[in-house]
Structures are given as structure tokens and as C-alpha cells.
Amino acid sequence: MIAFVLSGGGNRGALEVGALQALFAHGIQPDLLVGTSAGAMNAAFIAADPSLVGALTLGGLWKSLRRRDVFPGNALTMAWRVLTGQDGLVSSDRLRDLVLRNLPPGVTRFGDLRVHLYTTAADLNTATLYLFGDDPSTLIVDAVMASASLPITFPPYVYHGAQLVDGGIVANVPIEIAMVKGATEIYAIDLGYSGEPVPDAHGVVAIAQRMLTTLIYQQLLDDLEEAAQDPAITLHHIRIPAFHGISMWDFGQAEAMIQAGKAITEEYLANPQPLTVALSEYLAAVRPPAPALPGATVYRPGRRMRSSR
């Protein structure tokens, strides 16, 4: 069973569209889609039309997006929302309308989709990861909105009394879910941080964002380690670091992002290197070595550390 796993990435989600176009062009068809945040939106659309035509249509939607379609208002309205105690910098109403407008006719519930879809969301009040997709009667818009409600930016999505937020907080590249649901070959499209050195963070907001990024990256390493240890799983981890410095408010680069995502995926497919080695070997091949620090040892998942006492 082939699964496509689509990570979160905000406005960089257009990169995933290029990756999807490359996969379909190579005749690779998913039996299962798993998505988080922007990846949940892309996965929901593709689950309704799992084809190159569907991926090209999705590309057209990304290219037509403007900031106001996702993030209404401006700095003043955001400041007003903060001062008046709102739960997010911007309302999520426009985002919900966007999802509803772009679902194909007749597709409203998970049971209407052509391939299985799973999306993730986290409950702020119970620290629980929720998975949507097992119940065919569930509304797609609820699942996608819950998964895409990035904390602070958007208010939590209230679903049957629960405050649900972006599933990327718990599983930004939900590889484990694809494994649990029976996938034997996984194409994980990863737009997140991949361990490359970055400049020092300064300021409370920047440091908070970097802290979340570090947490999410460690969760990814856990999933990669699990996949590497399972001989029944073929994992294609396709990292797309392009446009990492782009502002989250910028929706004017979709065409360039689609082409970049397609090019990186085409390059991978020309010489596939599924994760079949120990994670330590894999990381050594895809990222620079971490700098040595006096008195500290670099730790990687899967490596047992023994006390010298």
C-alpha cells in the first residue's frame, strides 16, 4: 500500500503541489493520504481527485491565492484582536470559506473521497493527538480546519467542545500514522526544518518559534527511527527546504514554489534512496555534523548512552 504523507508548511504548501505533480507524472498513485496543517488541505483535495489532473488543478488554486484569502486584516486589526483578548491574530472564517469553496462538488465527508485520508489535530486542553479519517461521516472541513489552526495565528477550532489546533505541534510529518494504517511504501514530503544550521535566534517570538521547531524536529527523528527499524516499510523521505526564509504572509511565490517542489522531487525520483539504513547513517548523509561542545555528547535517537560510572 502506497501512502503520501504531507507535512505542514503554511504558505510553503505550494511546494507540496509540485512534489505531487512529479509523483503522479511518474505513475506513482497513493492508496492512502496523510496530512497535517497545509498538508491536510492539500491531501484533502488530492484525495478527492488522486491524479495528475487533480494536482495541476490544485496548483492553479495555490497560484490564485492572495493573503486576504487566508489572513484578513492588517497589523492594526491584529493588534486590536490582541488587546480585546481574541484567541488568534486573525479570524479563521476566510480560511474555512476557502476550504468549502474548493472542495469538489458532492465531496463534503470523508466517505466521499476516492482514496483514504487521515488528518491530525491536537487538543489544547488534554494534550491529545486526534486523527480524523476513520469515520466516513465526518465533515472534511472540520478535520482540515482543526489541523490547520496554527496557534496564536488562528483561534483554536472548537469541535464538539474541544479546542483543536494545528496537528503539526504533535506530528508535523505524520509518518507513523501511515505505518499504523498499513502503508508499506511511504513518500513523505517534508517542508519542515531538517537539522541544517541556522542563525542565532533573538527576541522572545523568534526564540519561541525556534523552540517549537526543535520539538517538531525531534518528533520527526522518532518517526524516521521507527521506519528505519521496520524491514516491511520503504520510506522515501523527500526534504524540500526551499523558500524557508519567506514571510508567512507572502502568497505571491506559488508558481516558483511549485516548480521548486517538482524539481526537488524529480531529482529524488531519478535516484531514489529510501531509508533502509540506521538513522545515524542517514542523518550523516543528509545534514552537516553538529558542532562539538566541550563536556557534551551529540545524541541521536536509537543510540544507547551508558553511564561511565
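See the structure shown above.
Residues numbered from 1 in each chain as written. Predicted model: local features only at pLDDT ≥ 70, side-chain atom pairs only at ≥ 80, totals over all residues. Heavy atoms only, no water.

Draft legend 1. Local environment of the overall build of the protein. Scanning the protein from terminus to terminus reveals 12 helices and 8 strands. Residue burial in the protein is summarised as follows: out of 309 residues, 46% are buried. Across the protein, the fraction of contacts at a sequence separation of at least 24, relative to all contacts at a separation of at least 6, is 74%. Counting every atom, the protein has about 15100 Å² of accessible surface; 57% of that belongs to carbon and sulfur. (Helix = DSSP H or I, 4+ residues; strand = E, 2+ residues; numbered from the N terminus. Buried < 20%, exposed > 50% of the residue type's maximum accessible area, 1.4 Å probe, protein only. Contact = heavy atoms within 4.5 Å. Areas by Shrake-Rupley, 256 points an atom, 1.4 Å probe, with all protein chains shown as cover.)

Draft legend 2. Seen up close, the packing of aromatic side chains. Counted under the stated rule, the structure contains 6 aromatic pairs. With a centroid separation of 6.1 Å and 85 degrees between ring planes, the pair formed by Phe 4 and Tyr 187 is classed as edge-to-face. In this pair, Phe 4 is assigned in strand 1 (residues 2-6) and Tyr 187 in strand 7 (residues 185-190), connecting sequence segments 183 residues apart. Both residues of the pair, Phe 4 and Tyr 187, count as buried. Geometrically, the ring pair formed by Phe 71 and Phe 154 is stacked, given 5.5 Å between the ring centres and 20 degrees between the ring planes. On the criterion of sequence distance, the pair formed by Phe 71 in the loop between helix 4 (67-70) and helix 5 (75-83) and Phe 154 in the loop between helix 7 (140-148) and strand 5 (157-159) is long-range, its members being 83 residues apart. The class of Phe 71 is buried, set by a relative accessible area of 6%. Using a relative accessible area of 5% as the deciding quantity, one classes Phe 154 as buried. (Phe/Tyr/Trp six-rings, centres within 6.5 Å; stacked < 30°, edge-to-face > 60°.)

Draft legend 3. Representation of the side chain of Glu 16. Note that Glu 16 resides in helix 1 (residues 14-25). Among buried charged residues, Glu 16 stands out as having no salt bridge; its nearest opposite-charge side chain is Arg 12, 8.3 Å away. Side-chain polar atoms of Glu 16 contact the backbone nitrogen of Ser 7, separated by 3.0 Å. With near-sequence residues (within four places) excluded, Glu 16 lies in contact with Leu 6, Ser 7, Ala 38, Gly 39, Asn 42, Ile 189 and Leu 191. (Lys, Arg positive; Asp, Glu negative; His and termini not counted. Salt bridge = Lys/Arg side-chain N within 4 Å of Asp/Glu carboxyl O. Polar contact = N/O pair within 3.5 Å; in protein donor to acceptor, adjacent residues only side chain to side chain.)

Draft legend 4. Fine view of the packing of helix 2 (residues 38-48) against helix 3 (residues 52-64). One way to put it is that helix 2 packs onto helix 3 with a least axis distance of 9 Å and a crossing angle of 140 degrees. Regarding the angle of helix 2 to helix 3, the classification is oblique. For helix 2 against helix 3, the interelement crossing comes out right-handed. For the pair formed by helix 2 and helix 3, the contact residues are Asn 42, Phe 45 and Ile 46 on the first element and Gly 54, Ala 55, Thr 57, Leu 58, Leu 61 and Trp 62 on the second. By residue class, the composition of the contact of helix 2 with helix 3 is 6 nonpolar, 3 polar and no charged. (Axes fitted to C-alpha atoms, helices over the stretch in contact; angles between N-to-C directions. Parallel < 35°, antiparallel > 145°, perpendicular 65-115°, else oblique. Left-handed = near helix turned anticlockwise from the far one by under 90°. Nonpolar A, V, L, I, M, F, W, Y, C, P; charged D, E, K, R; others polar.)

Draft legend 5. Fine view of unusual backbone geometry. The phi dihedral of Ser 37 is positive, around 60 degrees, even though this residue is not glycine. Within the secondary structure, Ser 37 is located in the loop between strand 2 (32-35) and helix 2. Under the relative-accessibility criterion, Ser 37 is labelled buried at 8%.

Draft legend 6. Examining the pairing of strand 2 more closely. Here strand 2 shows no split at all, with Leu 32 and Val 34 on one side and Leu 33 and Gly 35 on the other all buried. Once you follow strand 1 into helix 1 and on to strand 2, the crossover reads as right-handed. Strand direction decides the pairing type here: strand 2 and strand 3 (residues 116-123), joined by 4 bridges, are parallel. Among the inter-strand pairings, Leu 33 is bridged to a residue of strand 3, identified as Leu 117. (Right-handed = clockwise from strand over helix to strand, strands pointing away. Pairing = 2+ DSSP bridges.)

Draft legend 7. Representation of the packing of helix 3 against helix 11 (residues 254-270). Following both chains from N to C, one finds helix 3 and helix 11 inclined at 145 degrees, their axes separated by 8 Å at the closest point. Judged by residue contacts, Gly 59, Trp 62 and Lys 63 of helix 3 engage Ala 254, Glu 255 and Ile 258 from helix 11. Across the contact of helix 3 with helix 11, the residue classes break down as 3 nonpolar, 1 polar and 2 charged.

Draft legend 8. Structural view of helix 2. Counting buried positions along helix 2 yields 10 of 11 residues, so the element is predominantly enclosed. Where helix 2 is concerned, the buried positions are Ala 38, Gly 39, Ala 40, Asn 42, Ala 43, Ala 44, Phe 45, Ile 46, Ala 47 and Ala 48.

Draft legend 9. Focus on the environment of Gly 8. Residue placement: Gly 8 occurs in the loop between strand 1 and helix 1. Separated by 165 residues in sequence, Gly 8 and Val 173 have C-alpha atoms that sit 7.2 Å apart.

Draft legend 10. Representation of empty space enclosed by the protein. What the rule picks out here adds up to 2 cavities of 30 Å³ or more. Lining the second largest cavity are Asn 11, Ala 14, Trp 62, Asp 250, Phe 251, Gly 252, Gln 253, Ala 254 and Met 257. (1 Å grid on protein atoms, 1.4 Å probe; cavity = no way out; pocket = protein on both sides within 12 Å on 5 of 7 lines; lining within 4 Å. Points joined across faces, edges and corners; volume = space filled by probe spheres on them.)

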